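Working through the structure, step by step
Each chain, written out:
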Amino acid sequence: MTPAAKTTVLTPGSVSLEQLCEIFRSNSAVTIDRACKPQVEAARLLIVDAVAGRDAVYGVNTGFGKLSSVKIEPELTATLQRNLVLSHCCGVGEPLETGVVRLMMILKLLSLGRGASGVRWLIITQIEALLENGVTPVIPSQGSVGASGDLAPLAHLAATLLGEGQAELNGEILSSAEALDKAGLEPLELAAKEGLALINGTQFSTACALTSYFDAWRNAAATIVVSALSSDAIMGSTSPLVPEIHALRGHAGQIAVAAIMRQLMDGSQIRESHRQDDARVQDPYCIRCQPQVAGACLDMLRFAGQTLEIEANAVTDNPLVLQQSGRIISGGNFHAEPVAFAADTLALAIAEMGAIAQRRVALMVDPALSFDLPPFLTADPGLNSGFMIAEVTSAALMSENKHLANPCSTDSTPTSANQEDHVSMAAHAARRLTRMNANLSNIIAIELLCAAQGIEFRKPLKTSAVLQAVIDRLRQVVPPLGSDRYMAPDIVHAAELVAGNIVAEVAGLGDFAAGQIDGYNRQHLS
């Protein structure tokens, strides 16, 4: 990765989801507001006093976990911290994506900048320098149980500061020592408490959950747009979208989805053509109940986002330096239960958006239900199979996401000789969301292909101008399906439009896809 293009100043304790999303998408370098430096340095003085004192202070002059009763002499505190970092570098599995690691580093900066961790200001400026120069620690994606913090992943982050382990620089994987040298940086020697402050915390789980939260909003915006296309393709009714229905229930997400779908379908000739003399009384639930289902998913995304915003600004290492009382207290802020709950909530929303989208795919390819569309959306069925197996693929992805949506937060296992006897499992609760979002993007992509094909079978009737613009954008990369062809690239190209926020942007929902449902409601639904 090349050095970041711009630098953003963040204030620890008051960073918004919008700021974090922008940083994640734009590869910004980050510094924290220098106004927090006095707090950081004051907390450091309390640690220095504790090192010189006789009282045992966990992690400052003692061992760790089950070994916390072992007292460490002052002259060995630097060795203690280095040993702690290196011994905890036990991660396995595929390396974490570069953008997620950078967000993880930023979250660690925000936590240390609150002035409750007791590190030197030098630790903060060194992490900032890594971000500025594009030095990204290589962090294995497996090894954390979400308490006592994300120990193994964060240890791999800290190791790069010491010149240990591996780091990425300009797209090349190097030893951390070589990466630091090429960036003009020196390895650090940790002082008392600093290794513990670096490896203790929820930043791995939170960064993974946040990036999937951002991607889930893009999928949510796309699924609303594509569901409107599907409704037109099967000549669905817009009566279930009337605002009075949704106001009577009162859920913000449901109200928003119905309003957006009304706006998207406004002006559709297809819709106007069957207002009279349509023998159908009601559409299937996957059409009629889209506001209720997708709206509930939006509300769940909002809930998860609120939790993750708090966690992004939190101090989650241990022990904590309480400056007002001058105490250093061991607590449990490293336990990532809130993040695990948020990740499980996101998983449910992602799975359900895919479940109802897949039913619309099934609806469109079924001639018994699609209101005169040809079987499997091909003009010459029998000789051609059309979207027959694309629908099967969507079913496979839907089912996979259902399995992945099973809660992780209800699992626990004791570790560290039963000292850490209840854990959150937030790390893999958050990590699985990447796979779930990719599955959902592909489901929506298949629905987009089917809906566009279905609408084109309704010619000379036209859909609305905005929905036609979405189809036109799709047709730039995927032509209509005539005779059967090698279809896998079509799904890839359509999924790129979904995951890349292009579907949402073409439909005028770019801001909405960034998770701005409250702002969208104020601007468009007042």
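1. A short note on the overall build of the protein
For the protein, the helix and strand inventory stands at 22 helices and nine strands. In summary, the protein has a C-alpha radius of gyration of 26 Å against a globular reference of 24 Å for 526 residues, a match within 12%. Projected onto the principal axes, the alpha-carbon positions of the protein cover approximately 90 × 50 × 40 Å. Of all 526 residues assigned to the protein, the portion counted as buried reaches 56%. Across the protein, the fraction of contacts at a sequence separation of at least 24, relative to all contacts at a separation of at least 6, is 78%.

2. Examining a nonpolar patch on the surface
Taken together, the side chains of Met388, Ile389 and Val392 make up a nonpolar region of the molecular surface, amounting to roughly 240 Å² of accessible area. Following the sequence through the fold, Ile389 ends up in helix H16 (residues 388–404).

3. Thoughts on the pattern of salt bridges
Counted under the stated rule, the structure contains 13 salt bridges. With a closest N to O distance of 3.7 Å, Asp299 and Arg302 form a salt bridge. A residue pair is termed a helical-turn pair when its members lie 3 or 4 positions apart in one helix, as Asp299 and Arg302 do in helix H14 (residues 290–312) at three residues.

4. Remarks on the packing of helix H9 (residues 203–233) against helix H11 (residues 252–265)
Taken N-terminus to C-terminus, the directions of H9 and H11 make an angle of 55 degrees; their axes are 9 Å apart at the nearest point. With respect to each other, H9 and H11 are oriented oblique. Crossing handedness for the pair H9 and H11: right-handed. Touching Ile224, Val225, Ser227, Ala228, Ser231 and Asp232 of H9 are Val257, Ile260, Met261, Leu264 and Met265, all from H11. A per-class count over the contact of H9 with H11 returns eight nonpolar, two polar and one charged.

5. With respect to the sheet that holds strand S4 (residues 136–137)
The three strands are arranged S4-S6-S7 in an open sheet whose pairing can be described as antiparallel. Either end of the sheet is taken by a strand with one partner, and the two such strands are S4 and strand S7 (172–175).

6. Remarks on the packing of aromatic side chains
With the rule as written, the count across this model stands at three aromatic pairs. Look at Phe24 and Phe214: their rings are 6.0 Å apart centre to centre, the planes differ by 35 degrees, and that puts the pair in the tilted class. Here Phe24 is found in helix H1 (residues 17–26), whereas its partner Phe214 is found in helix H9, with 190 residues between them in sequence. The class for Phe24 is partly exposed, based on a relative accessible area of 21%. By relative accessible area, Phe214 is classed as buried at 2%.

7. A closer look at the state of the cysteines
Within the structure shown, the criterion is met by zero disulfides. The thiol of Cys21 is not disulfide-bonded; the next cysteine sulfur, from Cys208, is found 16 Å away.

8. Brief notes about unusual backbone geometry
A cis geometry characterises the amide bond from Ala147 onward to Ser148, with omega recorded as 10 degrees. Along the chain, the position of Ser148 falls in the loop between strand S5 (140–142) and helix H6 (151–161). The omega torsion of the bond from Asn318 to Pro319 falls at -5 degrees, within 30 degrees of zero and hence cis. Mapped onto the elements of the fold, Pro319 is located in the loop between H14 and strand S8 (320–322). Phi is positive for Met425, close to 60 degrees, though the residue is something other than glycine. Summarising the element assignment, Met425 is placed in the loop between H16 and helix H17 (426–456). Met425 sits in the buried class, given a relative accessible area of 6%.

9. Observations concerning the environment of Trp121
The residue Trp121 is located in helix H5 (residues 121–133) in this model. Taking the C-alpha atoms as reference points, Trp121 and Glu94, separated by 27 residues in sequence, lie 32 Å from one another. Once you skip the residues sitting within four places of it in the chain, Trp121 turns out to touch Ile32, Arg34, Cys36, Lys37, Val40 and Glu41.

10. Remarks on the pairing of strand S6 (residues 166–169)
By the bridge criterion, two bridges tie S4 to S6 in an arrangement that is antiparallel. Within S6, the residue paired with Pro137 across the bridge is Ala167. Pairing geometry for S6 and S7, over four bridges, is antiparallel. If you follow Ala167 over to S7, its bridge partner there is Leu174.

11. Comments concerning the environment of Ala129
Structurally, the position occupied by Ala129 is in helix H5. Once the C-alpha coordinates of Ala129 and Ala340 are considered, the two residues, 211 residues apart in sequence, prove to be 31 Å apart.

12. Looking at the nonpolar core
Leu20, Ile127, Leu210, Leu301, Phe387 and Val503 are the most contacted members of the largest nonpolar core, which has 153 residues in total. The element contributing the most residues to this core is H9, with 18 residues. Other than its neighbours up to four places away in sequence, Leu20 contacts Val15, Leu103, Ile106, Leu107, Leu110, Leu210, Phe214 and Ala312. Ala43, Ile47, Ala50 and Val321 belong to the second largest nonpolar core, which has nine residues in total.

13. A few points about the side chain of His246
Along the chain, His246 falls in helix H10 (residues 243–249). In terms of polar contacts, His246 uses its side chain to reach the side chain of Gln254, at 2.9 Å. Apart from residues no more than four positions distant in its own chain, His246 is found in contact with Pro240, Leu241, Gln254, Ile255, Ala258, Pro291 and Gln292.

14. So, the packing of H17 against helix H18 (residues 465–475)
Interaxial distance between H17 and H18 falls to 11 Å at its minimum, and their mutual angle equals 115 degrees. If you check the angle between H17 and H18, you find them roughly perpendicular. Note on packing geometry: the crossing formed by H17 with H18 is left-handed. Of H18, the residues touching H17 (which contributes Leu448, Leu449, Ala452, Gln453, Ile455 and Glu456) are Val470, Ile471, Leu474 and Arg475.

Cut-offs used in this document
Residues numbered from 1 in each chain as written. Predicted model: local features only at pLDDT ≥ 70, side-chain atom pairs only at ≥ 80, totals over all residues. Heavy atoms only, no water. Helix = DSSP H or I, 4+ residues; strand = E, 2+ residues; numbered from the N terminus. Rg over C-alpha atoms; globule rule 2.2 N^0.38 Å. Buried < 20%, exposed > 50% of the residue type's maximum accessible area, 1.4 Å probe, protein only. Contact = heavy atoms within 4.5 Å. Patch = residues over 30% accessible without salt bridge, like charges linked within 9 Å, V, L, I, M, F, W, Y side chains within 5 Å. Areas by Shrake-Rupley, 256 points an atom, 1.4 Å probe, with all protein chains shown as cover. Salt bridge = Lys/Arg side-chain N within 4 Å of Asp/Glu carboxyl O. Axes fitted to C-alpha atoms, helices over the stretch in contact; angles between N-to-C directions. Parallel < 35°, antiparallel > 145°, perpendicular 65-115°, else oblique. Left-handed = near helix turned anticlockwise from the far one by under 90°. Nonpolar A, V, L, I, M, F, W, Y, C, P; charged D, E, K, R; others polar. Pairing = 2+ DSSP bridges. Phe/Tyr/Trp six-rings, centres within 6.5 Å; stacked < 30°, edge-to-face > 60°. Disulfide = S-S within 2.5 Å. Core = buried A, V, L, I, M, F, W, Y, C linked by side-chain atoms within 4.5 Å. Polar contact = N/O pair within 3.5 Å; in protein donor to acceptor, adjacent residues only side chain to side chain.

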